[in-house]
Amino acid sequence: MSGYAYPTDQEIWHMAQELGLDPYPITFESVPAPVLYEFAAYLIPGRMAHWSYGKAYHAMKIRYDYGLNKLYEMVINANPAYAFLLDANSALENTFVRAHVMGHVDFFHHNQCFSHTPADMVDVVSRHAERVRQYEFSVGRDEVETFLDAVLALEEQVNPPTPPILPRERPHAPSSPRMVKPPWDLGEPDQSRIRQVQVSTHIEEDLLWFLMRESLHLEDWQRDVIGMVRDEMLYLWPQLRTKIMNEGWASYWHVALMRQMSLSDADYLDFARLHSHVTAPVLYHINPYALGYAIYCDLERRQGREALFLVRTVDDDVSFVRNYLTEDVVAELNLMVYGPDQDRMVFKSRQLEEIREKLVKELLHGGIPVIHVNDGDFNQRGELYLIHRHEGLDLDLLYAERTLHYVQRLWGRPVHLETLSNGKRLVLSFDGKTDSKSML
Amino acid sequence: MADYRPDWSLQRKGASDQQRHLEKIKQALRERLPDLISDESIITSDGQRVIKVPIRSLEQYKFRFHPWQGDRVGQDRGTGRPGDVLGQLPTPANSKGEGEKGQAGEWPGLDYLEAEVTLDEIAALLFDELGLPYLKAKPLATIPWPTWKFKDISPKGLMGNLDKRRSLRENLTRNALVGHPYVGNWRDSDLRFKTWVDEPEPENNAVVIAMRDISGSMGEFKKLMARTFSFWMLKFLRTHYESVEVVFLVHHTQAREVSEEEFFHLGESGGTKVSSVYQLCLEVVQTRYPASRWNIYPIHFSDGDNWSDADNHRTVEILVELLSQVNVLGYAEIREGGYTSTLMSAFRHVRHPRLKTVTITHKDDVYPALKTFFPRQEG
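Residues numbered from 1 in each chain as written. Chains lettered and ligands numbered in written order. Predicted model: local features only at pLDDT ≥ 70, side-chain atom pairs only at ≥ 80, totals over all residues.

If you check an unreviewed UniProt entry, chain B appears there as Sporulation protein YhbH from Sulfobacillus acidophilus.

Named according to an unreviewed UniProt entry, chain A is Stage V sporulation protein R originating from Sulfobacillus acidophilus.

Okay, structure coming up:
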């Protein structure tokens, strides 16, 4: 638009401050599409190399090249934060995206889930990448790649620290030296020590952490790689469990900030089109932008804007939906429950309670099955016994069977996984050569 | 705000990781070659058609929930009523196991990794593994190739190839047409140039002599295996030679030359006399494809059931004579049972490096058979 100068980064940042947001300083940078898509595939720029990221990048770029979807921006949770804008964006699009980014960065700064994330994660992952590269150099690329295949398959099996404002009860004092000193402090590995440990008295919820500490099978570089992957996952974890809240918050604030600007009618129309584009429904899915935005707007109508700031600080997606999903939001977004009935997918319900219950269930633990370590010396033979904490949904057994191969690769001894399938207790086992399945 | 600005272009790994992923797809396809190359739908495709190959080994397994068990929340158009059917679920039969084909993408959580390849890409992967042993340097191969001759005249061309006589004549003719028969007033259109044509020389040729037993005992499976093997053999040889001629011979108690169509479809009852076809093969070589000029690849498909032991001896005699003139002679015994035929035993005693014998009892055997027939290393 001629005549109107769009606000600069700094001006938008100050507008956000005036409206009550408190984002970290933000470094904006325009990048070409392949770079933006690469960052989106790796989630953090400069991360270690692995073919699976290349696969994600390839898939994203193909979709972009065919015009199937477009990313406008990518924000990195850091202090100062980084925001990458697509260099093909128009000036109005960039203004819109900058306003959107203010919401995200304020959210990173203040939501309690992010209180553990390091401010310099971009540097941390660069160092990780460098270390992985050195390991490739010393033990061989294929060796590192095969190992990473196994670790990345289990990357979601971490137990994120609980936010500090809700201190949880500490587990009982350790009954074995295992908790006091990690094995690398003990000099020579003491085989007999492991034999004595009865892990079954203490439930370990962090499979990666357990494998890293307890596996007798790993070399130092391998423990280091597990630690790096786990750190990166712990950094990303808060983003997984606040997808709806975070995108909703950013959408709420791009609307609020754009309304502060004196846009021309044409620009206002373009802005409205952009907003409806990001909040467009996807049939039979949940658009997190739309759901989060609708819940914040609904809450603002009932309790005013001040209430939103508290919500953005203390909630995560599960509590957000549980506490603030209302009939109005359900009606506005045409939310519904559907599910399988024999060989068909059928419409089930439009009741608020039903929707809330199912959605909370989907969001619990980021939609990832919880696997506990039950025994690290099962059968007194150093075998690993895992239990899937069944909360209503069965595991994909084919996937579980194959994933168990990766666990075995890291553990070095036979591994077992207990789960429920169609209501029956079932144990999957893998001893390094053959899979077996037994009913309990 | 700090001025520290990392140079993002140095951090980029997308292209190299993408390349690594493509390499892994290729590797996975290579592992599936035995299965792929004996797939009937692949060998009948036109080479351009894209074939989707599910690749389970590159799926990123993790602990996850059953993809379509349990209820989900979504958005619809606001018109749904309880009980409305929204779609069909993939059945357990096609969601697990080998031949998976689901309605990927319709419901959350369902996706399969499929590599899209063409026949030519599969061929390229296969041919990487094959070699061409005993490639003979034929005497005629001393003629430089490609050869070319000045055979044609064109109004456009290189000045160095100007045909002065023809250009003068054109100029004179044009001037004479307007009443001034003289040389001068040159125009570009008067010029004539010598141009050349490529002349492929037939010295770099191969002939495949495909022989097949059409006696009653050769059933559908055996026909398909013979066809699959011949298909890849011809395709492979065509990548190495300018042109590959093929002679099709069939036999029961007598041998004769047939068309390609007949070769793959004929089936007749009656006994088998293998020596007849080797005799005919020898005659074809001696009369039409002298070893001094041709690279010769005879291949014989049979179930090994020969009429008599005496004929086996006769066959071996002709075989030995033939072996001195060919590049490689293949004997592919296609059978569904496990025992070894008397013909195969007789051939095994020959122990000639240019005689390759293979047994095909399953469609996965085609791939190792091709590798035996065309090893990367000689001997």
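A. Examining the overall build of chain B more closely. Helix and strand content of chain B: twelve helices and twelve strands. Counting every position in chain B, which comprises 379 residues, the buried fraction comes to 27%. Across chain B, the fraction of contacts at a sequence separation of at least 24, relative to all contacts at a separation of at least 6, is 78%. (Helix = DSSP H or I, 4+ residues; strand = E, 2+ residues; numbered from the N terminus. Buried ≥ 20, exposed ≤ 12 C-beta atoms within 10 Å, placed from the backbone. Contact = placed C-beta atoms within 7 Å.)

B. Structural context of the nonpolar core. A:Ala81, A:Ala83, A:Met102, A:Trp253 and A:Ile295 are the most contacted members of the largest nonpolar core, which totals 80 residues. Residue contacts for A:Trp253: discarding those within four places in its chain leaves A:Leu21, A:Ala99, A:Met102 and A:Gly103. With 57 residues, the next largest nonpolar core counts B:Ile37, B:Tyr289, B:Leu343 and B:Ala369 among its residues. (Core = buried A, V, L, I, M, F, W, Y, C linked by C-beta atoms within 7 Å.)

C. Looking closely at the sheet that holds strand 1 (residues 26-31) of chain A. Residues and elements named next belong to chain A. Read across the open sheet, the three strands follow the order 1-3-2; overall the sheet is mixed. Only two strands of the sheet have a single partner each, and these edge strands are strand 1 and strand 2 (73-76). If you compare each strand with its neighbour and ignore which way they point, the axes differ by 15° on average. Where strand 2 meets strand 3 (residues 81-86), four bridges bridge the pair, whose relative direction is antiparallel. Note on strand 3: the bridge partner recorded for Val75 is Ala83. Running at roughly 25° to strand 2, helix 4 (residues 91-110) makes contact with strand 1, strand 2 and strand 3 of the sheet. (Pairing = 2+ DSSP bridges. Axes fitted to C-alpha atoms, helices over the stretch in contact; angles between N-to-C directions.)

D. Broad picture of helix 2 (residues 33-42) of chain A. The element helix 2 of chain A is extensively covered by neighbouring structure, given that seven of its ten residues are classed as buried. For helix 2 of chain A, every residue scored as buried is listed here: A:Val35, A:Leu36, A:Tyr37, A:Glu38, A:Phe39, A:Ala41 and A:Tyr42. Of the surrounding secondary structure, the elements contacted by the buried residues of helix 2 of chain A are strand 1, helix 3 (51-65), strand 2 and strand 3 of chain A together with helix 1 (14-31) of chain B. Backbone geometry just after helix 2 of chain A places A:Leu43 at a positive phi near 70°.

E. A look at the UniProt feature "domain: SpoVR-like C-terminal" (unreviewed entry) in chain A. Under the local residue numbering, the UniProt record ascribes the feature "domain: SpoVR-like C-terminal" (unreviewed entry) to residues 369-420 of chain A. The annotated region residues 369-420 of chain A carries 29% helix and 38% strand content, and the separation between its end C-alpha atoms amounts to 12 Å. (UniProt positions renumbered as here; feature names shortened; annotations may be inferred.)

F. Representation of the sheet that holds strand 8 (residues 415-421) of chain A within the structure. Residue and element names in this part refer to chain A. As summarised here, the arrangement of the five strands in space is 6-7-8-9-10, forming an open sheet in which the pairing is mixed. Each having just a single partner strand, strand 6 (371-378) and strand 10 (435-439) make up the two edges of the open sheet. Taken over all neighbouring pairs, the strand axes of this sheet differ in orientation by 20° on average, direction set aside. In this structure, strand 6 lies alongside strand 7 (residues 383-388), joined through five bridges in antiparallel fashion. Its bridge partner being in strand 7, Phe378 is matched across the sheet by Glu383. Sheet strands in contact with helix 17 (residues 397-411) are strand 7, strand 8, strand 9 (424-430) and strand 10, and its direction is about 160° off that of strand 8.

G. Examining the pairing of strand 9 of chain A more closely. Residues and elements named next belong to chain A. When strand 8 meets strand 9, the two strands line up antiparallel, connected through seven bridges. Looking at strand 9, one finds that Leu420 is bridged to Arg425. Counted between consecutive antiparallel strands, the loop separating strand 8 from strand 9 contains two residues, among which Asn422 sits at a positive phi close to 50°. Two elements, strand 9 and strand 10, share five bridges in a ladder whose sense is antiparallel.

H. Layout of the pairing of strand 7 of chain A. As consecutive antiparallel partners, strand 6 of chain A and strand 7 of chain A are separated by four residues, and within that stretch A:Asn379 has a phi angle of approximately 60°, a positive value. Crossover strand 7 of chain A to strand 8 of chain A through helix 17 of chain A is right-handed. (Right-handed = clockwise from strand over helix to strand, strands pointing away.)

I. Just the interface of chain B and chain A, in detail. In this complex, chain B contributes 47 residues to the contact, which on the side of chain A involves 59 residues. Listed by contribution, the elements that provide at least two residues to the side of chain B that touches chain A are helix 1, strand 2 (72-75) and strand 3 (85-88) of chain B. Looking at which element gives the most residues to the side of chain B that touches chain A, the answer is helix 1 of chain B, with eight residues. Grouping the constituent residues of the side of chain B that touches chain A by class yields 15 nonpolar, 18 polar and 14 charged. (Nonpolar A, V, L, I, M, F, W, Y, C, P; charged D, E, K, R; others polar.)

J. Representation of helix 16 (residues 352-363) of chain A. Along its twelve residues, helix 16 of chain A runs 16 Å from first to last C-alpha, staying within 8% of the 16 Å computed at 1.5 Å per residue. Check the buried side of helix 16 of chain A and you find it contacts helix 14 (317-324), helix 15 (327-333) and strand 4 (335-341) of chain A together with strand 2 of chain B. Immediately beyond the C-terminal end of helix 16 of chain A, within one or two residues, lies A:His365, with a positive phi of roughly 50°. (Expected span 1.5 Å × (residues − 1).)

K. Structural view of the packing of helix 9 (residues 274-288) of chain B against helix 10 (residues 309-323) of chain B. All names here are of chain B. Running from N to C, helix 9 and helix 10 point in directions that differ by 20°, and their axes come no closer than 8 Å. With respect to each other, helix 9 and helix 10 are oriented roughly parallel. When you trace helix 9 past helix 10, the crossing you get is left-handed. Residues Val274, Ser275, Tyr278, Gln279, Cys281, Leu282 and Val285 of helix 9 form the contact with helix 10, whose own contacting residues are Asp311, Arg314, Thr315, Ile318, Leu319, Glu321 and Leu322. Looking at the contact of helix 9 with helix 10 residue by residue, the classes come out as eight nonpolar, three polar and three charged. (Parallel < 35°, antiparallel > 145°, perpendicular 65-115°, else oblique. Left-handed = near helix turned anticlockwise from the far one by under 90°.)

L. Geometry of the packing of helix 5 (residues 121-139) of chain A against helix 9 (residues 220-240) of chain A. Residues and elements named next belong to chain A. Contact pair helix 5 / helix 9: the axes reach a minimum separation of 11 Å and the direction vectors enclose 155°. On the basis of the axis angle, helix 5 is roughly antiparallel to helix 9. The element helix 5 and its partner helix 9 pack so that their crossing is left-handed. On the side of helix 5, the interface is formed by Met121, Val125, His128, Arg131, Val132, Tyr135 and Val139, while helix 9 contributes Trp221, Asp224, Val225, Met228, Glu232 and Tyr235.

M. Highlighting the confidence of the model for chain B. With 81% of its residues at a pLDDT of 70 or more, chain B has an overall mean of 79. pLDDT under 50 marks residues 93-110 of chain B. Its contacts with residues more than four places away, or in other chains, come to 27 contacts. (pLDDT = per-residue confidence, 0-100.)

N. Region of the structure containing unusual backbone geometry. Between A:Asn79 and A:Pro80 the backbone carries a cis peptide bond, its omega angle lying at 0°. Relative to the assigned elements, A:Pro80 resides in the loop between strand 2 and strand 3. In this structure, A:His365 is a non-glycine residue whose phi angle is positive, near 50°. With respect to the helices and strands, the residue A:His365 is situated in the loop between helix 16 and strand 6. The backbone of B:Asn185 sits at a positive phi, close to 50°, despite the residue not being glycine. Here B:Asn185 shows up in the loop between helix 6 (164-177) and strand 6 (193-199).

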